[in-house]
Amino acid sequence: MTATTHAFWLAGRQATGEATFDVTSPWDGHLVGRVAVPSDAQVEEAVAAAYAVRDEFAATPAHVRAAALDHVSRRLAERTEEIARLISAENGKPVKWARGEVGRAVSVFRFAAEEARRFNGGEAQRLDTDPGGQGRLALTRRFPKGVVLGIAPFNFPLNLCAHKIAPAIAAGAPIILKPAPATPLSGLVIGELLAETELPAGSWSVLPVANDKMPALVQDERLPVISFTGSDKVGYAIMDSVPRKHLTLELGGNGAAVVLADWASDEDLDLAATRIATFSNYQGGQSCISVQRVVADASVYERLLPRIVAAVGAQVTGDPSDDATDVGPLVSEDAARRVESWVEEAVGAGAELLAGGKRDGASYAPTVLAGVPDGATISSEEVFGPVLTVQKAEGEAAAFAAVNESKYGLQAGVFTHDLQAAFRAHRALEVGGVVIGDVPSYRADQMPYGGVKQSGVGREGVRFAMDDYTYERVLVLTGLAL
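Procedures and definitions
Residues numbered from 1 in each chain as written. Predicted model: local features only at pLDDT ≥ 70, side-chain atom pairs only at ≥ 80, totals over all residues. Heavy atoms only, no water. Helix = DSSP H or I, 4+ residues; strand = E, 2+ residues; numbered from the N terminus. Buried < 20%, exposed > 50% of the residue type's maximum accessible area, 1.4 Å probe, protein only. Contact = heavy atoms within 4.5 Å. Lys, Arg positive; Asp, Glu negative; His and termini not counted. Salt bridge = Lys/Arg side-chain N within 4 Å of Asp/Glu carboxyl O. Phe/Tyr/Trp six-rings, centres within 6.5 Å; stacked < 30°, edge-to-face > 60°. Expected span 1.5 Å × (residues − 1). Bend = angle between axes of the 7 residues up to and from the residue. Disulfide = S-S within 2.5 Å. Pairing = 2+ DSSP bridges. Axes fitted to C-alpha atoms, helices over the stretch in contact; angles between N-to-C directions. Arc of directions from axis to C-beta. Parallel < 35°, antiparallel > 145°, perpendicular 65-115°, else oblique.

(A) Molecular detail of the environment of Leu-475. Tracing the chain through its elements places Leu-475 in strand E25 (residues 470-477). According to the relative accessible area criterion, Leu-475 is partly exposed, its value standing at 44%. Sequence separation between Leu-475 and Pro-184 is 291 residues, and the spatial gap between their C-alpha atoms is 42 Å. Contact partners of Leu-475, with chain neighbours within four places excluded, come to Leu-137, Ala-138 and Leu-139.

(B) Main features of the environment of Tyr-364. With respect to the helices and strands, Tyr-364 occurs in strand E17 (residues 363-364). Relative accessible area serves as the criterion here: at 3%, Tyr-364 is assigned to the buried category. Separated by 80 residues in the primary sequence, Tyr-364 and Gly-284 place their C-alpha atoms 8.2 Å from one another. Residues in contact with Tyr-364, not counting those within four places in the same chain, are Leu-330, Ala-336, Val-339, Glu-340, Val-343, Gly-357, Lys-358, Arg-359, Pro-386 and Val-387.

(C) Looking closely at the side chain of Arg-65. Within the secondary structure layout, Arg-65 lies in helix H3 (residues 62-78). Nearest to the buried, unbridged Arg-65 among oppositely charged side chains is Glu-115, at 10 Å. If we skip the residues at most four places from it in the chain, Arg-65 touches Phe-57, Thr-60, Ala-116, Ile-169, Ala-170, Ala-171, Gly-172 and Leu-199.

(D) Structural view of the packing of aromatic side chains. Within this structure, the stated rule accounts for six aromatic pairs. Ring geometry for Phe-154 and Phe-384: centres 5.9 Å apart, planes at 90°, overall edge-to-face. Residue Phe-154 is located in the loop between strand E8 (148-151) and helix H6 (159-171), and its partner Phe-384 is located in the loop between helix H13 (377-380) and strand E19 (387-393); the two are separated by 230 residues in the primary sequence. With relative accessibility at 16%, the residue Phe-384 sits in the buried group.

(E) Broad picture of the side chain of Thr-140. Mapping Thr-140 onto the fold places it in strand E7 (residues 137-144). Setting aside chain neighbours within four positions, we find Thr-140 in contact with Gly-122, Glu-123, Glu-472, Arg-473 and Val-474.

(F) Focus on helix H11 (residues 298-313). In this model, H11 (16 residues) spans 23 Å end to end at C-alpha, consistent with the 22 Å of a helix rising 1.5 Å per residue. The sharpest bend along H11 comes to roughly 40°, located at Leu-304, with the proline Pro-306 sitting one to four residues further on. Regarding H11, the residues found buried are Val-300, Tyr-301, Leu-304, Leu-305, Ile-308, Ala-311 and Val-312.

(G) Geometry of the state of the cysteines. For the structure shown, the criterion picks out zero disulfides. Left unpaired, Cys-161 is separated from the closest cysteine sulfur, that of Cys-288, by 14 Å. Since its relative accessible area comes to 1%, Cys-161 is described here as buried.

(H) Spotlight on the sheet that holds E7. As summarised here, the arrangement of the three strands in space is E6-E7-E25, forming an open sheet in which the pairing is antiparallel. Only two strands of the sheet have a single partner each, and these edge strands are strand E6 (123-126) and E25. Shown here is a sheet whose adjacent strand axes are inclined to one another by a mean of 30°, direction ignored. As defined by bridge partners, E6 adjoins E7 across four bridges and the pair is classed as antiparallel.

(I) Representation of the environment of Ala-401 within the structure. Within the secondary structure layout, Ala-401 lies in helix H14 (residues 396-404). Using a relative accessible area of 38% as the deciding quantity, one classes Ala-401 as partly exposed. With 27 residues separating them in the primary sequence, Ala-401 and Ala-428 have C-alpha atoms 8.4 Å apart.

(J) Structural detail: the pairing of strand E11 (residues 225-229). The element E11 is extensively covered by neighbouring structure, given that five of its five residues are classed as buried. Alternating residues of E11 divide into Val-225, Ser-227 and Thr-229 and Ile-226 and Phe-228, and every residue in both groups is buried. As paired elements, E8 and E11 share four bridges and run parallel to each other. In the sheet register, Leu-149 faces E11, and the bridge partner there is Ile-226. Relative to strand E12 (residues 246-250), E11 runs parallel, the two being bridged by five bridges. When the bridges of E12 are listed, Ser-227 appears paired with Thr-248.

(K) Looking closely at the sheet that holds strand E4 (residues 19-24). The strand order across the open sheet formed by three strands is E1-E5-E4, and the pairing between neighbours is mixed. Both edges of this open sheet fall to strand E1 (5-6) and E4, since each of them pairs with a single strand only. The pairing of E4 with strand E5 (residues 31-37) spans six bridges and is classified as antiparallel. Note on E5: the bridge partner recorded for Phe-21 is Val-35.

(L) How the structure looks around helix H16 (residues 462-469). Listing the buried residues of H16 in full gives Val-462, Ala-465, Met-466, Asp-468 and Tyr-469. For H16, the arc enclosing every buried residue in end-on projection is 155°, short of the 170-degree limit, so these residues lie on one face.

(M) Inspection of the packing of helix H5 (residues 95-118) against H6 at higher detail. Following both chains from N to C, one finds H5 and H6 inclined at 10°, their axes separated by 9 Å at the closest point. By the angle between their axes, H5 is roughly parallel relative to H6. Contact residues: H5 offers Glu-101, Arg-104, Ala-105, Val-108, Phe-109, Ala-112 and Ala-116, while H6 offers Asn-159, Ala-162, His-163, Ile-165, Ala-166 and Ala-170.

(N) Up close: the pattern of salt bridges. Taken as a whole and assessed by the stated rule, the structure comprises 37 salt bridges. Ionic pairing is found between Glu-101 and Lys-93, a salt bridge with its closest N-O pair at 2.5 Å. Judged by relative accessible area, which is 1%, Lys-93 ranks as buried. The partner of Glu-460 in a salt bridge is Arg-443, with the nearest N and O atoms 3.3 Å apart. You can see Glu-460 sitting in the loop between strand E24 (456-457) and H16 and its partner Arg-443 sitting in the loop between strand E22 (433-436) and strand E23 (452-453), a full 17 residues away along the chain. Overall, Glu-460 belongs to the buried group, its relative accessible area being 3%. In this structure, a network of salt bridges that share partners links the residues Glu-81, Arg-85, Arg-99 and Asp-323.

What follows is the structure in structure tokens.
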């Protein structure tokens, strides 16, 4: 079967290398596209170009950067269906979720355009609060730390590339984007749209390099900022290898949904079960904030559990290109085999399998487990698959403690109507975000997003990423009549 060979983007222009690799569908294995691979010399050219243009790009007028970002936002919106189908083909994501991902990327570039226009306006501070500062004024502005190396994962192949590249352009920082090897085509589309703008040559590149080529890029001193989304193992290996660089690491979690005693009506429990079932399985469970754990108050547990099992059973699995499909395959058969082995381990240790537990190639059936022992892998690690565990807690304090027992701390959801309980949750839960009245899977792309403990360091969300990519520089003016 023949397929289009996709060029990569080197310092703002199309380029091809001597080698290619194939991108195949995790659903049925068909060839989605063939991607050109940059040579070592071409990677060096991209890095050198980004480093050389860094001062020019930092000084580029805000309206130029904002116009480019607005353009990408508009073009993504115009091509929503085409790009959604591409995401679905290379990732296995149901097309209805892929459309949502395109919509989010449209917003990310729009937010970045807005921030480019208002960011770095400068903050004035009078210094004559002490006698030695009389006649002096401090003006603080933010400037880019340098070239950004953005490393994106496979699970949101368009939107998480957008979260790397859009804030960098908005802040005036050149960026080299490395999309995931399994899903490079969506990231290359961003390059295609950026090439239609008037950004300086060298200010951006999209390089689908192999993972084994990354250590040299990570170590390169011309790339002082690294933004990585992926596994904690890889993220902390990067941190250990370059302790003096500035890193933003979004490393995932095992998100918990807490259902408190006051969330007790039939309507409440039906809503919680539906939201939990949907967001434990959306994206095939391959989301850092998918629901992996449910912690239910003992007073509602027996009524909630069968509702969750029924709602999970109602999820439609199958061909991701079908609008009716809720749950498609995982990114690879190896990923599905790993999930399968973790479930089998938990069941073998005494967990009760209430739904699912079956694998077919790269697909794994939406699964519910109860009574999972504390020592089971699936109770402590990020499953990154359509698997949900349910446990009982004796009261609010015990429920919050169960959430905090995790080594991860990305986001948590708390189903409660009690405003005081909401504030107690916000204080008690050791996570980067607490969502009240819903699952932990809600993310607005403009809000600060990131975690604590082994969920990483730093924050994404357009303006917050721009803060990460820049530093404050103070200008002191003297001899002023204030």
